[in-house]
Amino acid sequence: MRIVKLHIYGFGKFHDFTLEFHHPIQVIYGRNESGKTTLRAFVQAILFGFPTKKEKLLRYEPKKSSSYGGNLTLMLDNQETITVERVMKHKAAGDITVHRESGETAGEKEWSAWLGKVDRATFQGIFCFGLDGLNELNQLKGTALNRYIYEAGMTGTKQVSQIDKELGQKLDQLFKPRGQKPIINKKAKEVNKQYRNVKEWDNEFDRYHILLQQEQTLNEQLRRIKRDKKDLFSQKEQWQRRQTVVHMLQEKKEIERKLDILASSRDVPLEAEDEWAQYYQKKNQAAFEYEESAIQITHESMKYTNAAVSWKAVKLLEKTRELKEQLPLYKKYIHDKDRLEFSIQKKQDTMNDRIKRLGITNEKTLRRSNTSIFAEEELYQLIEKGKEYKERKRILEEQYMEQNNKISQVESDLHDMKQQQRSLPERHGAAVQEAKRSFFTRSFLLQITAGLFFGLGVWQAAVQHVFMSIVLFVAALFLFLAKSEKKAATLSKSSYQEQKDISGTDSWIETAVRERQWQLERETAYAETLSERMKDMEAKWEETTDDLHRWCVTHHFPLIDNIHAAEHIFITMREYNDLYDEYQRLKNEWNAVDEQVQAIAADVQRTAEQMNAASDDSIEELIVLLIEKAEHENQRNDVLLKQADKFVELYEQKQSAKQKQRQYTQKVAALYQSVHAYDKESFLQSIEKKKQYLDVNKQHRWLSEQIAAQLEPGESETGWLENVLDDDTKQMETMDNEVEALEEEEQHLHQQTAEVKQKLKTLEENGTYEQQLQQYQQGKEELQENMHQWLVLKTAKQLMEHAKSVYEKDRQPYVIQEASRYFSFITNERYTRLFAPIGLETFMVEDKEGIRYSPDELSRGTAEQLYLSLRFALAASYQEYTVFPFVMDDPFVNFDVTRQKAAFSLLKKAAEDRQIIYFTCHELPESFEHDYPVEILSDND
């Protein structure tokens, strides 16, 4: 892939900007802030999409344009020219359209297929690099330098090392074989300690009788302390009598404080209580008169009992109206009852379906099953453990099969090498015979030529051409002598060269055979390890099946042989229990609704019997009939009442009594308001506070008189109080200290007694033992969770090691081959070969004299040249997908002139296979600028 042109619609500082690429190495020069970084980001955005908000990358949204995006014109490896356009419309990464020469268009799916396995991270790590990588190279030494250069040939970055280091740190944080601080080590100690605590509690019950004896001893000591305290309190009482006056003074202060508190009730008139009692009594009297009038009205109504009016119907008018109001509720109950019957039947059908699916006909067995959260958690742990064991078993089987294939491959290679090693002597003999046959052929030709020259010489002598005959005789003699010398030299040289080649090949094959034998031993040992682990995993699987059976017995489940069906059976049984509970709830709700329906029906029937209107009609029709009858009788009753004058007088008395009741109620409320009360209780509290204020004030006057009588002329209450306290302070402190010591001892004994009782209670109720056992179980679960996390991290580390080994086997040989070629070129063939020892994660270089060096033994400049060679070689290894351009950001700025020339010569060599885009803000070598013109970015672009 080669970039032909880019066109920016809007991206960062650029707006409607076009740049064309005409050369294999496109140099783009620009000062700081001229947009070089923006152009690099634009190329990556068009190829791989705009960065989303979740990615920690700049989005370079346009500053001067509403159009966000642009296009790249690319020439693919098959010489087809396409235009890739990406603009921001609907997707966060932008909408992409690929325009082909044929006029067809493609989308994101086809473009991803063109890119192959290369994404943004791969492109940045392999095809983009700058000064940062070389600067970091200059800061490393020893092993760190070797690892950094090794990873430059693996991924182009040091992410693999960082991830490997983080995995190692996390594994060490979780567990070390002899560690103290790792989480699993600490948790294992805690669980072991909790286990010992549980075992210790088994022995605590032997101390029960000892604790009872301790309790009796402590009780006797407490009784002694109480006697001593009683004696001290008697002495203190003697002393306290002398403090009476002091207490009177203190009491006076307390009374003064109470007076301040009750000062708000000082203005409450006590006569308001009498007024309130009078009004309250009159209000009750008016209420009594109101009730009397109502009773008289009732008596008058009795007089019309024998009239044609049905007084029962009149009296039950309100009742019939209530029944009418209950009629919609009755209909609702009937509807709810039908609905509940349908739901109950539906639940019953569903329960029967669950029973049929489970194949269990005994419902008691289903109801006895424990489907609690605790049982579910235990089952899910067993299922997860079983799935984990099965998966690990599958992985081990795959690893075992793969290991056997690898062993077969190594054995095949070893067999071929041994066959090759045995055929070397045969090859040596054949080569000698071939050299002899070649020599005899050439010797025969020389003999014929010499004979021809000799014959011509004889003929020339015969015709008397002496000079020509001498020349021909000399030529014949020379060819004969040359044949003999060449024979010896040719045979010797051929034998020496062939022996040298065979010796070198034999040494190489012998070394390879030893390495294959060592590899075969390692692979065979690893296969045996995998076999043992498979057996162990099979035992764990059987143990898990036994645990599942024990779980079924513990929680009253039928025996489950298939662990994969356990979850379905558990869920089905839990659904049955939930359905059964819902069925019982619906049935209880149906009974409650039925009771409401029966209660309303019974109420209607009773009312009908009281009104002599019994009927076989429905409840709704009967309620309508009762209302009609009651209203009819009520109308007749109203007619009769209008004719009775007595009722008018009684109603007037009733209204008068009601008016009086309202009047006195208002007066009582006015009294409440006058003392800032809102009801009877708060009013009486205000009156009570006023009485308390008067009593306290009376006490204050009495205490003032008593204290004044005790004081001598010139003495004050404050001074006398201080003198009394100073005189008896030491005595009081002594008694207080003794009392305090006894109380502390008593408190200590009480605490010991409480501890003994608590221990006895704990041993009797076994509560603490249960708590220790629960903590032990919880600690075990946490330890298992930590171990699971450690296994996940360990698996990740092993997978990374496997990925490294796959890289060393599949991709690294090509990278080393290409890097050797680049490194030999950039060092003027001073170093001829680059190789990586198996399992050491480092490179070794070999010079033309056969001396080998590790990267940390090279000079800094040579190490940087090795780094560049590996980066170019790593990029070349990705040509199986597509040949991406190499984007470089001034990586050679710190090189001296000689190293710069060598680096740029390597750049030219790499440009034979791919396009190189070189960003810089520094001057380049003149020869380089002459071959590749520079595109200059201005600050206004």
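Residues numbered from 1 in each chain as written. Predicted model: local features only at pLDDT ≥ 70, side-chain atom pairs only at ≥ 80, totals over all residues. Heavy atoms only, no water.

**Q** Teacher, can you tell me more about the overall build of the chain here?
**A** The secondary structure content of the chain amounts to 27 helices and 14 strands. For the chain, the proportion of its 941 residues judged to be buried stands at 36%. Sequence-distant contacts in the chain: of pairs separated by 6 or more residues, those separated by 24 or more amount to 73%. Entry remark: accessible area of the chain is about 57400 Å², with carbon and sulfur atoms responsible for 50%. (Helix = DSSP H or I, 4+ residues; strand = E, 2+ residues; numbered from the N terminus. Buried < 20%, exposed > 50% of the residue type's maximum accessible area, 1.4 Å probe, protein only. Contact = heavy atoms within 4.5 Å. Areas by Shrake-Rupley, 256 points an atom, 1.4 Å probe, with all protein chains shown as cover.)

**Q** I keep staring at the nonpolar core and nothing clicks. Help me out?
**A** One broad trend across soluble globular proteins is that nonpolar side chains are buried collectively. Leu 6 and Trp 111 are the most contacted members of the largest nonpolar core, which has 78 residues in total. In this view, Trp 111 contacts Met 1, Ile 46, Leu 47, Leu 74, Ile 82, Val 84, Arg 86, Ile 96 and Val 98; residues no more than four positions away in its chain are not counted. (Core = buried A, V, L, I, M, F, W, Y, C linked by side-chain atoms within 4.5 Å.)

**Q** Would you mind showing me how to read the sheet that holds strand E8 (residues 128–130) here?
**A** To summarise the sheet geometry, strands pair through backbone hydrogen bonds and adopt either a parallel or an antiparallel arrangement. Strands sit in the order E8-E12-E13-E3-E14 across an open sheet of five strands; the sheet is parallel. The two strands at the open ends of the sheet, each matched to only one other strand, are E8 and strand E14 (934–936). Across this sheet, the average inter-strand angle for adjacent strands is 20 degrees, counted without regard to direction. The pairing of strand E12 (residues 886–889) with strand E13 (residues 916–920) spans four bridges and is classified as parallel. Residue pairing for E13: Met 888 is matched across the bridge by Tyr 918. Along the sheet, helix H1 (residues 36–48) contacts strand E3 (25–29), E8, E12 and E13; its crossing angle with E13, the most-contacted strand, is approximately 155 degrees. Lying over the sheet, helix H26 (residues 897–910) contacts E3, E12 and E13, oriented at roughly 150 degrees with respect to E13. (Pairing = 2+ DSSP bridges. Axes fitted to C-alpha atoms, helices over the stretch in contact; angles between N-to-C directions.)

**Q** What is the right way to look at unusual backbone geometry in this model?
**A** Phi is mostly negative for residues that are not glycine, and the peptide bonds are mostly trans. Here Tyr 60, not a glycine, exhibits a phi torsion of approximately 50 degrees, which is positive. Looking at where Tyr 60 falls in the secondary structure, it is placed in the loop between H1 and strand E4 (69–75). Classification of Tyr 60 by relative accessible area gives partly exposed; the value is 21%. Here the phi dihedral of Gln 79 falls at roughly 70 degrees; this positive angle occurs in a residue that is not glycine. Inspection of the secondary structure assignment puts Gln 79 in the loop between E4 and strand E5 (81–87).

**Q** Would you mind going over the packing of aromatic side chains with me for this structure?
**A** The relative placement of two aromatic rings is captured by the distance of their centres and the angle of their planes. Going through the model one piece at a time under the given rule, you end up with twelve aromatic pairs. Among the aromatic side chains, those forming a connected cluster through ring pairs are Phe 11, Phe 42, Phe 50, Tyr 60 and Tyr 68. Over the ring of Phe 14 we find Lys 13, and its NZ or CZ is 6.0 Å from the ring centre. Taking NZ or CZ as reference, Lys 909 lies 5.1 Å from the ring centre of Phe 825, over its face. (Phe/Tyr/Trp six-rings, centres within 6.5 Å; stacked < 30°, edge-to-face > 60°. Lys NZ or Arg CZ within 6 Å of the ring centre and 35° of its normal.)

**Q** Sorry if this is basic, but what is going on with the layout of surface pockets here?
**A** Over the atoms a probe the size of a water molecule is rolled, and this reveals where empty space is left. Roughly 1100 Å³ of internal volume is contained in the second largest pocket. If you trace the second largest pocket, you find 24 residues lining it, with Gln 381, Lys 385, Lys 780, Glu 781 and Gln 784 closest to the centre. Sorting the residues of the lining of the second largest pocket by element identifies helix H14 (373–422), helix H16 (466–554) and helix H23 (767–810) as the ones contributing at least two each. The residue makeup of the lining of the second largest pocket, split by class, is nine nonpolar, four polar and eleven charged. (1 Å grid on protein atoms, 1.4 Å probe; cavity = no way out; pocket = protein on both sides within 12 Å on 5 of 7 lines; lining within 4 Å. Points joined across faces, edges and corners; volume = space filled by probe spheres on them. Nonpolar A, V, L, I, M, F, W, Y, C, P; charged D, E, K, R; others polar.)

**Q** Before we go on, may I ask you to explain the sheet that holds strand E10 (residues 844–847) in this structure?
**A** As summarised here, the arrangement of the three strands in space is E9-E10-E11, forming an open sheet in which the pairing is antiparallel. Of all strands in the sheet, those with a lone pairing partner are strand E9 (831–835) and strand E11 (852–853), marking the two edges. Of the strand pairs in this sheet, E9 and E10 are connected by four bridges, and their pairing is antiparallel. Residue Phe 835 lies in a different strand from E10, and its bridge partner there is Met 844.

**Q** What is the right way to read the side chain of Asp 547 from this model?
**A** Locating Asp 547 in the fold gives a position in helix H16. Residue classification places Asp 547 among the buried positions, given a relative accessible area of 17%. With residues up to four places along the chain from it excluded, the contact list for Asp 547 reads Leu 382 and Lys 385.

**Q** Is there a simple way to think about H1 in this case?
**A** Counting along an α-helix, one turn takes 3.6 residues, and residues three or four places apart therefore face a common direction. Between its terminal C-alpha atoms H1 stretches 19 Å, which fits the 18 Å expected from 13 residues at 1.5 Å a residue. Counting buried residues along H1, twelve of its 13 residues qualify, which places the element largely inside the surrounding structure. Three or more residues of H1 are buried, namely Lys 36, Thr 38, Leu 39, Arg 40, Ala 41, Phe 42, Val 43, Gln 44, Ala 45, Ile 46, Leu 47 and Phe 48. Downstream of H1 by one or two residues, Gly 49 has phi in the positive range, about 100 degrees. (Expected span 1.5 Å × (residues − 1).)

**Q** I'm lost on the environment of Glu 273 in this one. Help?
**A** Within the fold, Glu 273 resides in helix H10 (residues 271–302). Residue Glu 273 is classed as partly exposed on the basis of its relative accessible area, which comes to 24%.

**Q** Would you explain helix H25 (residues 860–876) in this entry?
**A** Between its first and last C-alpha atoms H25 spans 24 Å; for 17 residues at 1.5 Å apiece the expected length is 24 Å, and the two agree. The buried count for H25 comes to 16 of 17 residues, which makes it a mostly enclosed element.

**Q** Could you clarify how one ought to interpret the pairing of E3 in this entry?
**A** Within a regular strand, the side chains alternate between the two sheet faces. Counting buried residues in E3 gives four out of five residues, a clear majority hidden from the surface. As paired elements, E3 and E13 share five bridges and run parallel to each other. Within E13, the residue paired with Tyr 29 across the bridge is Thr 920.

**Q** Mind showing me how you'd approach the packing of helix H3 (residues 120–127) against H25 here?
**A** Packed helices, taken two at a time, are described by their axes: the angle between them and the distance between them. At a minimum axis distance of 9 Å, the contact between H3 and H25 shows a crossing angle of 140 degrees. When the axes of H3 and H25 are compared, the pair comes out oblique. Contacts between H3 and H25 involve Gly 125, Ile 126 and Phe 127 from the former and Arg 871, Leu 874 and Ala 875 from the latter. Here the contact of H3 with H25 is built from residues that sort into four nonpolar, one polar and one charged. (Parallel < 35°, antiparallel > 145°, perpendicular 65-115°, else oblique.)

**Q** What exactly am I supposed to notice about the side chain of Lys 909 here?
**A** The residue Lys 909 is located in helix H26 in this model. There is no salt bridge for the buried Lys 909, and the closest opposite charge comes from Glu 912, which lies 4.6 Å off by N-O distance. Those residues in contact with Lys 909, other than ones at most four positions away along the chain, are Arg 821, Tyr 822 and Phe 825. (Lys, Arg positive; Asp, Glu negative; His and termini not counted. Salt bridge = Lys/Arg side-chain N within 4 Å of Asp/Glu carboxyl O.)

**Q** Help me understand the pairing of strand E1 (residues 2–11), please; the structure alone is not making it clear to me.
**A** As paired elements, E1 and E4 share seven bridges and run antiparallel to each other. In the strand pairing of E4, Leu 6 is matched with Leu 72. For E1 and strand E2 (residues 14–20), the ladder comprises six bridges, and the chain directions are antiparallel. From the neighbouring strand, Leu 6 faces E2, where its bridge partner is Leu 19. As consecutive antiparallel partners, E1 and E2 are separated by two residues, and within that stretch Gly 12 has a phi angle of approximately 60 degrees, a positive value.

**Q** Quick question: what am I supposed to make of the packing of H1 against H3 here?
**A** Where H1 contacts H3, the two axes come as close as 10 Å, and the packing angle between them is 140 degrees. When the interaxial angle is binned, H1 and H3 end up oblique. Where H1 crosses over H3, the two elements pack in a sense that is right-handed. Contacts between H1 and H3 pair Gln 44, Ala 45, Leu 47 and Phe 48 from the former with Arg 120, Phe 123 and Gln 124 from the latter. Considered class by class, the residues forming the contact of H1 with H3 number four nonpolar, two polar and one charged. (Left-handed = near helix turned anticlockwise from the far one by under 90°.)

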